[in-house]
Amino acid sequence: MKSIFKSLICCYLIFICPKLFAREVVLIENLATISEGELLKSILIKKFHLPRELITLKNTSQACEIKSEAIIHLCLEANGELLIKKMNQFIVRNSLGVFLNQTDKQGVAE
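The structure reproduced in this document is the subject of the present report. All residue numbers refer to positions counted from 1 along the written sequence of the respective chain. The predicted origin of the model limits local features to residues at a pLDDT of at least 70 and limits the giving and counting of side-chain atom pairs to 80 or more, whereas totals for whole chains, interfaces and linings rest on all residues. No hydrogens and no water enter the side-chain calculation; it runs on all heavy atoms of the structure.

Remarks on the overall build of the protein chain
Reasoning step 1: In this description a helix means any DSSP run of H or I spanning at least four residues, a strand means any run of E spanning at least two, and both kinds are numbered starting from the N terminus. For the protein chain, the helix and strand inventory stands at three helices and four strands.
Reasoning step 2: Each helix and strand of the protein chain, placed in order from N terminus to C terminus, yields the pattern α-β-α-β-β-β-α.
Reasoning step 3: Two residues qualify as a contact provided that any one of their heavy atoms is within 4.5 Å of a heavy atom in the partner residue. Across the protein chain, every contact between residues at least 6 apart in sequence was considered, and the portion connecting residues at least 24 apart equals 62%.
Reasoning step 4: Surface accessibility in these figures is a Shrake-Rupley result with a 1.4 Å probe; residues are shielded only by whichever protein chains are displayed. Element-wise, carbon and sulfur atoms account for 60% of the exposed surface of the protein chain, whose accessible area totals about 8300 Å².

Examining the state of the cysteines
Reasoning step 1: By disulfide we mean two sulfur atoms from cysteines, separated by a distance within 2.5 Å. Using the criterion set out here, one finds one disulfide in the structure.
Reasoning step 2: Disulfide pairing is shown between C64 and C75; the S-S distance is 1.9 Å. Measuring handedness by torsion sign, the sulfur bridge of C64 and C75 sits at about 80° and is right-handed. Of the two residues, C64 sits in the loop between β2 (55-59) and β3 (72-76) while C75 sits in strand β3, which places them eleven residues apart along the sequence. Summarising the burial analysis for this pair, C64 and C75 share the class buried. Buried residues are those whose accessible area, probed at 1.4 Å on protein chains only, stays under 20% of the maximum for their type, while exposed residues exceed 50% and partly exposed ones sit between those limits.

Points about the sheet that holds strand β4 (residues 82-87)
Reasoning step 1: Between any two strands, at least two bridges found by DSSP are needed for them to pair. Spatially, four strands are ordered β2-β1-β3-β4 in an open sheet, and the strand pairing comes out mixed. Each edge of the open sheet is held by one strand with a lone partner, namely β2 and β4. For this sheet, the mean inter-axis angle between neighbouring strands, taken without regard to orientation, is 20°.
Reasoning step 2: Against the sheet, helix α2 (residues 34-46) makes contact with β1 (26-30), β2, β3 and β4, and its axis sits at roughly 170° relative to β2, the strand it touches most. What counts as an axis is a line fitted to C-alpha atoms, over the stretch in contact for a helix, and the angles between N-to-C directions run from 0 to 180 degrees.

Shown next, in the form of structure tokens:
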């Protein structure tokens, strides 16, 4: 009985808790078309070398809100304008800088 209880608690902590308390790293609120949102996401992946798992694309018809706990919160408006709603400079420099400072393998030779 004790081991079943421990197993249930471990499963809860491993599989459910991280999803409850996780926050987005890069949140894109997309008011434009789905294809434009996907294009922005692919640019962040290809040009800025951000892993796909760190980017959340949220298609919405309501105005972007700054209530998000995301580290980087981008708003792609219906007219195609991209707004940076929030960016934690400290985390971007110290953690995401690993991805952002990579050189493109097909880039210009030095």
